[in-house]
Amino acid sequence: MQRIVWINKSNWRKPGPIVYMGLLNALAFAENGLATDFFIGSDKDSDTETDLTDFYGLKSHQCLTIHRIPDTAGWQRSVYKAAIARIASYCEQGDDVLALARELGALGLLLKLRKKFPKLKVIYETHDYYLSIRHLGKKKFSLSSIRRQWSERTLIPKADGLICLTEHQRALYQQWFPKLAIIALSLGCLDFPQQRSLEQRRLKRNIAYIGHLHSYKGLELIFELARQLKAANIELHSFGGNAAQVLSLQEKAEQEGLKGVLHFRPFIEPKVLHEILDNDISIGLVPLQDTFYSRYLTCPVKALDFIAHGLPVIASEIPSAREVLREAGFYCKSNDVSGFADQAIALLDNKDSYLSATQASYSRSSGLQWQLRARRILEFVEGVGA
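First, a word on scope: everything that follows refers to the structure included in this document. This is a predicted model, so every value here is computed, not measured.

## Some thoughts on the pattern of salt bridges
Per the stated rule, a full pass over the model turns up 19 salt bridges. Close ionic contact of R68 with D51 constitutes a salt bridge, the shortest N to O distance being 3.6 Å. Here the residue R68 occupies a position in strand β3 (residues 64-70), and D51 occupies one in helix α2 (residues 48-54), the gap between them amounting to 17 residues. Comparing R68 with D51, the two get one shared label, buried. Taking the shortest distance from any N to any O, the salt bridge between R114 and D160 comes out at 3.1 Å. In this pair, R114 sits in helix α4 (residues 104-116) while D160 sits in the loop between α5 (143-155) and β6 (161-164), placing the two residues 46 residues apart along the sequence. For R114, a relative accessible area of 19% corresponds to the buried category. Three or more residues joined by partner-sharing salt bridges are found here, namely R13, D51 and R68.

## As for the pairing of strand β11 (residues 283-286)
Burial of β11 is two-sided: the residues I283 and L285 facing one way and the residues G284 and V286 facing the other way are all buried. The pairing of β11 with strand β12 (residues 313-316) spans 3 bridges and is classified as parallel. Pairing of V286 across the sheet is with A315, part of β12.

## What to know about the pairing of strand β9 (residues 235-239)
With 4 of 5 residues buried, β9 is to be regarded as a mostly interior element. Pairing between strand β8 (residues 206-210) and β9: 5 bridges, direction parallel. Bridge assignment links I210 to a residue of β9, and that residue is F239. Here β9 runs beside strand β10 (residues 262-265); their pairing, made up of 4 bridges, is parallel. Bridge assignment links H237 to a residue of β10, and that residue is H263.

## Details of helix α3 (residues 78-92)
Note that an α-helix has 3.6 residues per turn; residues three or four places apart therefore point the same way. For α3, built from 15 residues, the straight-helix expectation of 21 Å at 1.5 Å per residue is met to within 8% by its first-to-last C-alpha distance of 21 Å. Those residues of α3 that sit buried are S78, V79, Y80, A83, I84, I87, A88, Y90 and C91. Packed against the buried residues of α3 are β1 (2-11), β2 (35-42), β3, β4 (96-101) and α4. Of the residues one or two after α3, G94 is the one with positive phi, at around 90°.

## What to know about the environment of V122
Topologically, V122 is positioned in strand β5 (residues 121-125). For V122, a relative accessible area of 0% corresponds to the buried category. Linking V122 and L110, residues 12 residues apart in sequence, is a C-alpha distance of 6.8 Å. In contact with V122, not counting residues within four places along its chain, are A99, L107, L110, L111, R114, A159, D160 and G161.

## A short note on the side chain of N8
Secondary-structure assignment places N8 in strand β1. In this structure N8 comes out as buried when scored by relative accessible area, which is 0%. In terms of polar contacts, N8 uses its side chain to reach the backbone amide nitrogen of S10, at 3.0 Å. One polar contact links the side chain of N8 to the main-chain carbonyl oxygen of I18, over a distance of 3.5 Å. In this structure, N8 is in contact with I18, V19, G22, F38, F39, I40, G41, V79, R102 and E103, ignoring residues within four places of it in sequence.

## Things to note about the environment of H309
Looking at where H309 falls in the secondary structure, it is placed in the loop between α12 (301-308) and β12. Apart from the residues lying within four places of it in its own chain, the contact partners of H309 are F192, R201, H274, L277, D278 and Y362. Among the polar contacts made by the side chain of H309, one reaches the side chain of H274 at a distance of 2.8 Å.

## Concerning the packing of α4 against α5
Their axes nearest at 11 Å, the elements α4 and α5 cross at an angle of 30°. The crossing of α4 and α5 is left-handed. Listed contacts from α5 to L104, L107, G108 and L111 of α4 are R148, S151, E152 and L155.

## Describing the sheet that holds β4
Judged by pairing direction, the sheet is parallel, and its 7 strands sit side by side in the order β3-β2-β1-β4-β5-β6-β7 without closing on themselves. Across the chains shown, the open sheet's two edge strands, defined by having one partner strand only, are β3 and β7 (182-184). For this sheet, the mean inter-axis angle between neighbouring strands, taken without regard to orientation, is 20°. Sheet topology places β1 next to β2; 7 bridges connect them, and they run parallel. Residue pairing in the sheet places N8 in a bridge with I40 of β2.

Parameters at a glance
- Residues numbered from 1 in each chain as written.
- Predicted model: local features only at pLDDT ≥ 70, side-chain atom pairs only at ≥ 80, totals over all residues.
- Heavy atoms only, no water.
- Salt bridge = Lys/Arg side-chain N within 4 Å of Asp/Glu carboxyl O.
- Helix = DSSP H or I, 4+ residues; strand = E, 2+ residues; numbered from the N terminus.
- Buried < 20%, exposed > 50% of the residue type's maximum accessible area, 1.4 Å probe, protein only.
- Pairing = 2+ DSSP bridges.
- Expected span 1.5 Å × (residues − 1).
- Contact = heavy atoms within 4.5 Å.
- Polar contact = N/O pair within 3.5 Å; in protein donor to acceptor, adjacent residues only side chain to side chain.
- Axes fitted to C-alpha atoms, helices over the stretch in contact; angles between N-to-C directions.
- Left-handed = near helix turned anticlockwise from the far one by under 90°.

Here it is in structure tokens:
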């Protein structure tokens, strides 16, 4: 029997995309008919089935088993121990197991287990790059960076394969590990019914930003953009950050005369966010700053959410954004606030342009479905060692 085991150390219902992306990865394999185990940390009690429906907006699947593992005292994470034990039991009964993780701690344990069970396939999915740390600036000499560099150089070449999120990231790793099987795959899109009231959505003239509220994420651009959109009767809605950050930023917006124009909300559950994107938002904003990480190493999840709902997307002109959006995106230099404003106004003021942009987003989304991503991973693994 073929089995998939996906391991994530973060806690269930953690704000932000990390757990959600892991869950969607695991669910995609289950939707392809494969018995799949998703191991995840857990720091609070709740009903998992209810969380799937009411928090994540997903349906349970008969092929997916979610294991929420509370952490206990000890040198090793409990979620890792539980996953390793389950994988070992599958291997002992003769199952073909593909184990995937994005944590180096889990990778080290999986490689150790593979010595006992050579048929076990181990794939690592990287969300960063530490083989060289020159691009980290002042952070490159921190103990954690040096430890991460050593771990990547030691562990990753021993895996059966490596999944990267961008083509440039793949090229960086391939230079170090020319014999390692490596594939570049964007994260995926959910499959939502196409919105029928596109004109109503355009007329709402609402733009959305999703993500952490840091300067390198384009926070200052958001304030300046709101100032330029005010005269055009366009509102900017930001979803992300914690309650304290949101309160402080909302007060700043009011002090700067942007009340009713610039709105901040903390991270909200995916189900509610998707409902808002589908019904209340007109355009998606991806103002990534021009840093090494943003250009080459990240996959902008917010862009995937936007196109899944057929929203036109205005993004920074950097490789990672263009790799995801391609012709469906509208691009500006990352610091060109007027460019972002002009693009938004032009789209919202022209019915035909807006409709064309919406159809382009839906079309791009159809080629980035999570189930397709899982199939490409399976095809990639089948070719490893062939």
